[in-house]
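Architecture and fold: a report
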Amino acid sequence: MRPREPIAEFGSAVARELSFDPRLARRLRAEVEDHLQEAVADRADPHDENRLAEVICAFGDPRAFARQFLTTALLSLARRAAAVTALAVIGMFGAMEARAAWYGWVNWPASDHVRAANAIGHPVDRFAFMLAAAFALSTLAYVITRRAPAHFHATFGWEIGFSVKLNAAVALALMSAMATELVLTGVRLFEAGLDARALVPFVSLMLEVVVAGGSLSYILIMMSRCSRALRLAA
Amino acid sequence: MEGEMLKGHLDMIVLAALVGGPAHGYGIIQEIKRRSGGAFDLPEGTIYPTLHRLEKAGHLASHWTTAKSGRKRRVYKMTRRGERALSDHRALWQRFADAIGGLFGEKARAPARTHS
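Note that this is a predicted model, so its numbers are computed, not measured.

1. Topic: the overall build of chain A
Tallying secondary structure elements over chain A gives 8 helices and 0 strands in all. Going from the N terminus to the C terminus, chain A shows its helices and strands as α-α-α-α-α-α-α-α. Since a compact globule built from 234 residues should have a radius of gyration of about 17 Å, the 25 Å found for chain A marks it as more spread out than a globular shape. In terms of overall dimensions, chain A has C-alpha extents of about 85 × 40 × 20 Å along its principal axes. Taken across its 234 residues, chain A has 38% of its residues classed as buried. For chain A, the share of sequence-separated contacts (at least 6 apart) that also reach a separation of at least 24 residues comes to 82%.

2. A word on the domain arrangement of chain A
Residue and element names in this part refer to chain A. The domain architecture assigned to chain A consists of domain 1 (5-67) and domain 2 (70-233). On a C-alpha basis, the centroid separation for the pair domain 1 and domain 2 is 41 Å. Across the boundary between the two partners, domain 1 contributes 7 residues, which contact 7 residues of domain 2. Across the side of domain 1 that touches domain 2, the residue classes break down as 3 nonpolar, 1 polar and 3 charged.

3. Focus on the interface of chain B and chain A
Tallying the contact residues gives 18 residues for chain B and 16 residues for chain A. The set of elements that each furnish at least two residues to the side of chain B that touches chain A consists of α3 (25-35), α4 (47-56) and β3 (72-78) of chain B. Tallying contributions element by element places α4(B) first for the side of chain B that touches chain A, with 5 residues. Of the residues that constitute the side of chain B that touches chain A, the class distribution is 5 nonpolar, 6 polar and 7 charged.

4. A short note on the packing of helix α1 (residues 5-17) of chain A against helix α2 (residues 22-42) of chain A
Residues and elements named next belong to chain A. For the pair α1 and α2, the least separation of the axes is 9 Å and the interaxial angle reads 155°. Classified by the angle between their axes, α1 and α2 sit roughly antiparallel to one another. In this structure, the crossing between α1 and α2 has a hand that is right-handed. Along the contact surface, α1 presents Ile7, Ala8, Phe10, Gly11, Val14 and Ala15, while α2 presents Ala25, Arg26, Leu28, Arg29, Val32, Glu33, Leu36 and Gln37.

5. Let's talk about the sheet that holds β3(B)
All names here are of chain B. Taken in spatial order, the 3 strands of this open sheet run β1-β3-β2, and their pairing is antiparallel. If you trace the sheet from one side to the other, it starts and ends with β1 (23-24) and β2 (60-66), each paired once. Where β1 lies against β3, 2 bridges are found, and the strand directions are antiparallel. Opposite Ala23, over in β3, you have Tyr76 as the bridge partner. Along the sheet face, α4 touches β2 and β3 and points at about 120° away from the line of β2.

6. Considering the nonpolar core
Note that soluble globular proteins tend to have their nonpolar side chains buried in a common cluster. Residue and element names in this part refer to chain A. The biggest cluster of nonpolar side chains holds 75 residues, and the ones touching the most others in it are Met92, Ala132 and Leu174. In this structure, this core is formed jointly by two domains, domain 1 (5-67) and domain 2 (70-233), each of which donates at least three residues. Apart from the residues lying within four places of it in its own chain, the contact partners of Met92 are Leu174, Ala177, Met178, Glu208, Val211 and Ala212.

7. Considerations on helix α8 (residues 199-233) of chain A
Residues and elements named next belong to chain A. Given a rise of 1.5 Å per residue, 35 residues ought to cover 51 Å, and the 51 Å separating the end C-alpha atoms of α8 matches this to within 8%. Among the residues of α8, Pro201, Ser204, Leu205, Glu208, Val211, Ala212, Ser215, Leu216, Ile219, Met222, Cys226 and Ala229 are the ones counted as buried. At its buried positions, α8 is contacted by α5 (70-105) and α7 (154-192).

Calculation rules
Residues numbered from 1 in each chain as written. Chains lettered and ligands numbered in written order. Predicted model: local features only at pLDDT ≥ 70, side-chain atom pairs only at ≥ 80, totals over all residues. Helix = DSSP H or I, 4+ residues; strand = E, 2+ residues; numbered from the N terminus. Rg over C-alpha atoms; globule rule 2.2 N^0.38 Å. Buried ≥ 20, exposed ≤ 12 C-beta atoms within 10 Å, placed from the backbone. Contact = placed C-beta atoms within 7 Å. Domains from an automatic or database assignment. Nonpolar A, V, L, I, M, F, W, Y, C, P; charged D, E, K, R; others polar. Axes fitted to C-alpha atoms, helices over the stretch in contact; angles between N-to-C directions. Parallel < 35°, antiparallel > 145°, perpendicular 65-115°, else oblique. Left-handed = near helix turned anticlockwise from the far one by under 90°. Pairing = 2+ DSSP bridges. Core = buried A, V, L, I, M, F, W, Y, C linked by C-beta atoms within 7 Å. Expected span 1.5 Å × (residues − 1).

Here you go:
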């Protein structure tokens with residue numbers, strides 16, 4: 001049975017207000033529509049339009065209803081973002097280590113050009129990566145220790161904004177590390193030409209590009225979702 | 001009963017309503033109303049944030065089922081952790097109720113103070 005129109009409209013309104021968290025929006029829409037359908041069917045005359053309006057009225061305003069989920073949903077978004085950036089740091093670390101181990105295993109010594117590039121690039125790469133790791137750990141610790149208050153308030157909004165900025169810092173530091181790696185490995189691969197040994201460094205480098213680019217895109221999406229969520233608080 | 005009065009005890013009320021077995025949101029509200037003799041007639045939208053919060057805390061678990069009508073339905077059930085939490089709530093509530101009962105009882109029996 002399809003939900004009756006006012007009930008479907010109510011469900012859509014709830015989903016619209018919670019559009020910053022599509023999974024939560026879908027779940028609550030289905031739960032609310034089922035609830036309202038059940039409440040209507042429970043009445044003496046379920047086809048009476050007034051009773052339908054009464055049931056919807058008893059449920060409350062969709063915006064006020066959605067607002068009750070705001071703090072937990074925002075904290076959950078912030079935690080998800082922190083977990084994704086932390087995984088990105090681990091992924092990049094794995095790719096870098098695999099490449100370094102491969103150079104040793106296939107006995108691929110660095111040429112003079114590569115050594116010269118490494119002398120400048122390695123400290124930059126290491127610093128950017130350490131910065132990303134430190135920010136990622138701080139962000140994780142920060143979001144894990146936050147608690148969702150019963151009602152949204154400015155301090156909580158600031159905390160969420162701060163965690164998003166920390167995540168953005170992780171993503172930018174990862175992008176810097178990846179760009180440096182791209183140059184350093186690029187020089188080595190360029191010198192090697194079409195060599196079978198180059199396959200592992202090439203694949204690991206592509207993995208880094210995907211991980212760093214993916215984490216930056218994810219953070220941008222999170223920033224947009226958080227700003228939509230904060231509009232619900234207003 | 002006053003809504004504000006109930007809000008502080010919603011977790012305990014919802015957990016208690018699920019003692020009889022798994023139920024969906026509307027079913028839980030009906031169970032609360034029935035078992036409280038109509039005294040706890042909650043605003044219907046207030047139950048869902050509590051259900052979601054209890055699920056996040058690991059006190060409830062939920063899954064989708066299909067209702068007889070063919071609609072998708074989210075059904076909640078209490079976990080072991082939820083049972084322990086309810087037991088703690090119950091013990092706390094009993095102590096509180098005993099203390100209040102004692103206070104009211106004593107007040108009724110207390111002799112009127114006289115100032116000399």
